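Each chain is listed here by its residues.
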Amino acid sequence: MTDIYNKNRDAFLRRYGIVIPELNSEDSLYALDFSKDGDAVLNVTIDSNGKKLRLNSLYSPAYEARSWIKGRDIPGRRTTVLVCGFSTGVFLREMLSTYRPDTIFFLYEPQEELFYYVCGHIDISNLILNNRVYMFITDEQKNRMVDLVYNDILLGRSEVMGITTPFYAEDNRFRNICDEIGKLSVSVRNFKKSRGRNALRCRIYAWNHMEGCRFLSDLKEVYPKGCPGVIVSAGPSLNENVEDLKKIKGHAFILATDRSLSVLKEHDIVPDAAISVDAIKSPEYLEYAYEKDIPIICSYQLNIDAQKKAGGNLIYFDAISYERALFGDKANFGSGLDMGGNVAGGAFVVLKLLGAKTIILVGQNLSYKNGKHHADNIDEGMQEISNDVEVPGIDGKMVVSNRMWISYRNFFERQIVQNPGIKVIDATEGGVLIKGCDIKKLKDVAKDIEEKSYDFSGIISDQAYKTSGVLNGNIENVLKAWLDELSNIRDVSLEIVRLLDELISVGENKKNEVTNENDHIQKIGKLRESMYGMKMYSLLEEYWIEDMYSIPDRLLVLQDGSVLETCREVRDYYAGLSKDCRTLSDEMTKYF
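Since the model is a prediction, treat every value here as computed from it, not as a measurement.

Re the overall build of the chain
Phase 1 of the analysis: Scanning the chain from terminus to terminus reveals 25 helices and 18 strands.
Phase 2 of the analysis: Taking all 592 residues of the chain together, the buried fraction comes to 53%.
Phase 3 of the analysis: Taking as baseline every contact in the chain between residues at least 6 positions apart, the subset at least 24 positions apart corresponds to 69%.
Phase 4 of the analysis: Accessible area for the chain stands at about 26,900 Å²; split by element, carbon and sulfur atoms hold 47% of it.

Here it is, written out as structure tokens:
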């Protein structure tokens, strides 16, 4: 092995935890030349006659890459770039040096062996270790690409663009990834406009109504060691084996998703807890939980009416930084969670946190059955679902699913790989094949776990958490401090608006009172920086500002040819921000 290969292998192992295999150069489809200026030139054999395709210029690959970039639109704001084709790394290097310093690159290489060949001959360790670059070379990495890009979009509110480097053919898998990311990006923007504020209202309600509620950390303290957990979902197969849950009752922790409760009610089965995480979903799905006083494990952004009807019989998880600031260590357990975008995924994460080493899936079809999508026969929630696809089912036959459900399947498969200490049993008895699961009938699972018994109604009721005066006092103090921050942000925003109005007037030659534009620009920069460390500014950006793309970049340039247009856009944003501060303050004081 060469020193170059060792250097690249060690870098890739350190960054991604994957060992790069060494390829036999003699049998390789790839060959390396050098250009007139000494850069690497890669050749690829493309047919059985030995015909080769050269991927780089024989004169100067770096010049070729710079010319290629000049012919493309350079992103004007923070952008997530999906790149198909590593080649020798020369195009990526030029993009890194040309694009904005906050641009993040997700590099997809369709020919895994090509990348390994390059690793054996060209030192690319600095690209491998570059924290602005994420490489997807193996199938396992590519399977996770959508999720990682999606997280970057959520955190950075970035635009998204897809690029295929020169001489690379269209790759269907990369195109599908780009299509999925495009749809997710639109959904993020739509969420901010339609659901962001409502989700925050639900959280604010929870902050002010914790009396009698518990945290998931309270349940963790008393969860029996080794006790299996059952996730009851509302797939169309649930009606066929739901009676077998009666044999499991008392021998495992039965956690029912909100939509499965009506089916359980029909069969007179009382789960140990229900779970609901949606700010929009109707509280009617939880009626059985209210009726039977079933504890509801929930997100802080659970629908306000659903929280009200529960009468304090709630167990909160899914805390973010604001809950941790309000409630301390108790809320810190079960925070920053990937729940796969669905309530059953949330149930899986909850059972994992509680310490269940066996998780049993029931009603987790993720496919249609005789035209039905849910066991409750309610049409709600399926109006926007499309893109039906056929995928392998549990019984080896193909079943009809859709893109959304497949993303849920992928979540479970990732969790199974990431948690080898948890045994996952699919006792749905129908539906999509979830790789990594043991497949069993529910009645057989009941026999396997019948030896041990548990009284969860007694266990949970003994652990009712009452907020103490100290905790209530802390909540009040933190909320007051946050209201002060909102007032401060509003004042700063109005001052920025004033300064920008003066700059705009100067630019339009309407008046000349401002003699030093640079002083104004510096003042605006300092005023903006003063807000970034405030907790409430983060809250505004995450939940309350409805158009996420209206938020100006933190690296704001007011000295180019479009200075007037930029000033007007930024001015409008801060004028709107001052109003957003007022409306958020009103919301926070509603229950205070």
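Some remarks on the environment of Ile231
Phase 1 of the analysis: Note that Ile231 resides in strand 9 (residues 229-232).
Phase 2 of the analysis: In sequence terms Ile231 and Phe253 are 22 residues apart; their C-alpha atoms lie 8.7 Å from each other.
Phase 3 of the analysis: In this structure Ile231 touches Leu255, Thr257, Ala344, Ala347, Phe348, Leu351, Ile359, Ile360, Leu361 and Val362, once residues within four positions along its chain are discounted.

Let's talk about the side chain of Thr138
Phase 1 of the analysis: Tracing the backbone shows Thr138 in the loop between strand 6 (133-136) and helix 6 (139-143).
Phase 2 of the analysis: Under the relative-accessibility criterion, Thr138 is labelled buried at 12%.
Phase 3 of the analysis: Those residues within four positions of Thr138 in sequence are excluded, and the remaining contacts are Ile18, Glu112 and Tyr116.

What about the confidence of the model for the chain?
Phase 1 of the analysis: Here the chain shows a mean pLDDT of 85. Residues at 70 or above account for 88%.
Phase 2 of the analysis: Throughout residues 466-470 the model reports pLDDT below 50, and contacts reaching past four residues in sequence, or to other chains, amount to seven contacts.

Here we look at empty space enclosed by the protein
Phase 1 of the analysis: Using the criterion set out here, one finds one cavity of 30 Å³ or more in the structure.
Phase 2 of the analysis: Taken as a whole, the largest cavity spans an internal volume of roughly 30 Å³.
Phase 3 of the analysis: What lines the largest cavity is Asp258, Ser276, Asp278, Lys281, Ser282, Pro283, Tyr285, Leu286, Leu302 and Ala306.
Phase 4 of the analysis: Of the residues in the lining of the largest cavity, the class split is five nonpolar, two polar and three charged.

Description of the packing of aromatic side chains
Phase 1 of the analysis: In total, this model carries 24 aromatic pairs according to the counting rule given.
Phase 2 of the analysis: A ring pair is formed by Trp207 and Trp482, whose centres lie 5.6 Å apart and whose planes are at 65°; its orientation type is edge-to-face. Residue Trp207 is found in helix 9 (residues 196-207), and its partner Trp482 is found in helix 22 (residues 469-507); the two are separated by 275 residues along the sequence.
Phase 3 of the analysis: Aromatic ring contacts, followed pair by pair, group Phe12, Tyr16, Phe86, Phe115 and Tyr116 into a single cluster.
Phase 4 of the analysis: For the cation-ring pair, Arg15 lies above Tyr134, with the distance from its terminal atom to the ring centre recorded as 5.0 Å.

A look at the nonpolar core
Phase 1 of the analysis: Core analysis: the largest hydrophobic core is formed by 86 residues, its most contacted members being Trp207, Leu577 and Met588.
Phase 2 of the analysis: It is helix 22 that contributes the most residues to this core, 14 residues altogether.
Phase 3 of the analysis: Here Met588 is in contact with Ile204, Trp207, Leu479, Trp482, Leu483, Leu486 and Met536, once residues within four sequence places are set aside.
Phase 4 of the analysis: Grouped together as the second largest cluster of nonpolar side chains are 43 residues, Leu351, Leu366, Trp405 and Ile434 included.

Observations concerning helix 9
Phase 1 of the analysis: The first and last C-alpha atoms of helix 9 sit 17 Å apart over 12 residues, in line with the 16 Å expected at 1.5 Å per residue.
Phase 2 of the analysis: By the criterion of burial, helix 9 is predominantly enclosed, with 10 of the 12 residues buried.
Phase 3 of the analysis: Of all the positions in helix 9, only Gly196, Arg197, Ala199, Leu200, Cys202, Arg203, Ile204, Tyr205, Ala206 and Trp207 are classed as buried.

Some points on the sheet that holds strand 17 (residues 423-426)
Phase 1 of the analysis: The sheet built from nine strands is open, its strands ordered 8-13-12-11-10-9-14-17-18 with parallel pairing. Where the open sheet ends on each side, the last strands, each with one partner, are strand 8 (214-215) and strand 18 (438-439).
Phase 2 of the analysis: Bridge count between strand 9 and strand 10 (residues 253-257): four bridges; the pairing is parallel. By the bridge assignment, Ile231 is partnered in strand 10 with Leu255.

Topic: the pairing of strand 15 (residues 388-392)
Residues in a regular strand point their side chains to alternate faces of the sheet.
Phase 1 of the analysis: Of the pairings in the sheet, the one linking strand 15 to strand 16 (residues 398-402) comprises five bridges and is antiparallel in character. Residue pairing in the sheet places Pro392 in a bridge with Met398 of strand 16.
Phase 2 of the analysis: Taking the residues between adjacent antiparallel strands as the criterion, strand 15 and strand 16 are bridged by five residues, where Gly396 takes a positive phi near 90°.

Reading guide: rules and limits
Within any chain, residue numbers begin from 1 and follow the written order of that chain's sequence. Restriction of local features to residues with pLDDT of at least 70 applies here, the model being predicted, together with a cutoff of 80 or more for giving and counting side-chain atom pairs; totals for whole chains, interfaces and linings are based on all residues. The basis for every side-chain value is the complete set of non-hydrogen atoms in the structure, without hydrogens or water. Helical segments are the DSSP runs of H or I of at least four residues, strand segments are the runs of E of at least two, and each set is numbered from the N terminus. Only protein chains enter the accessibility calculation, which uses a 1.4 Å probe; a residue is then buried when its area is under 20% of its type maximum, exposed when over 50%, and partly exposed in between. By the convention used here, residues are in contact when the closest approach between their heavy atoms is within 4.5 Å. Each accessible area value is a Shrake-Rupley result obtained with a 1.4 Å probe; residue values ignore everything except the protein chains displayed when judging cover. Every residue gets a pLDDT, meaning the predictor's confidence in that residue, from 0 to 100. Here a cavity means grid points, on a 1 Å grid over the protein atoms only, where a 1.4 Å probe fits yet cannot get out; a pocket means an open set of points with protein on both sides within 12 Å along at least five of seven lines; lining residues are those with an atom within 4 Å of a point. Grid points are joined across faces, edges and corners, and a volume is the space filled by probe spheres set on the points. Note that Gly is not counted as nonpolar here; it falls among the polar residues with everything else outside the nonpolar set of Ala, Val, Leu, Ile, Met, Phe, Trp, Tyr, Cys and Pro and the charged set of Asp, Glu, Lys and Arg. The criterion for an aromatic pair is that two Phe, Tyr or Trp rings (for Trp, the six-membered ring) have centres within 6.5 Å, with stacked assigned to planes under 30 degrees apart, edge-to-face to planes over 60 apart and tilted to the rest. Working rule: Lys NZ or Arg CZ, within 6 Å of ring centre, within 35 degrees of ring normal, means a charge sits over the ring. Note on terminology: a nonpolar core comprises buried Ala, Val, Leu, Ile, Met, Phe, Trp, Tyr and Cys residues joined through side-chain atoms within 4.5 Å. One less than the residue count of a helix, multiplied by 1.5 Å, gives the span that helix is expected to have. The rule for pairing is simple: two strands pair if DSSP sees at least two bridges between them.

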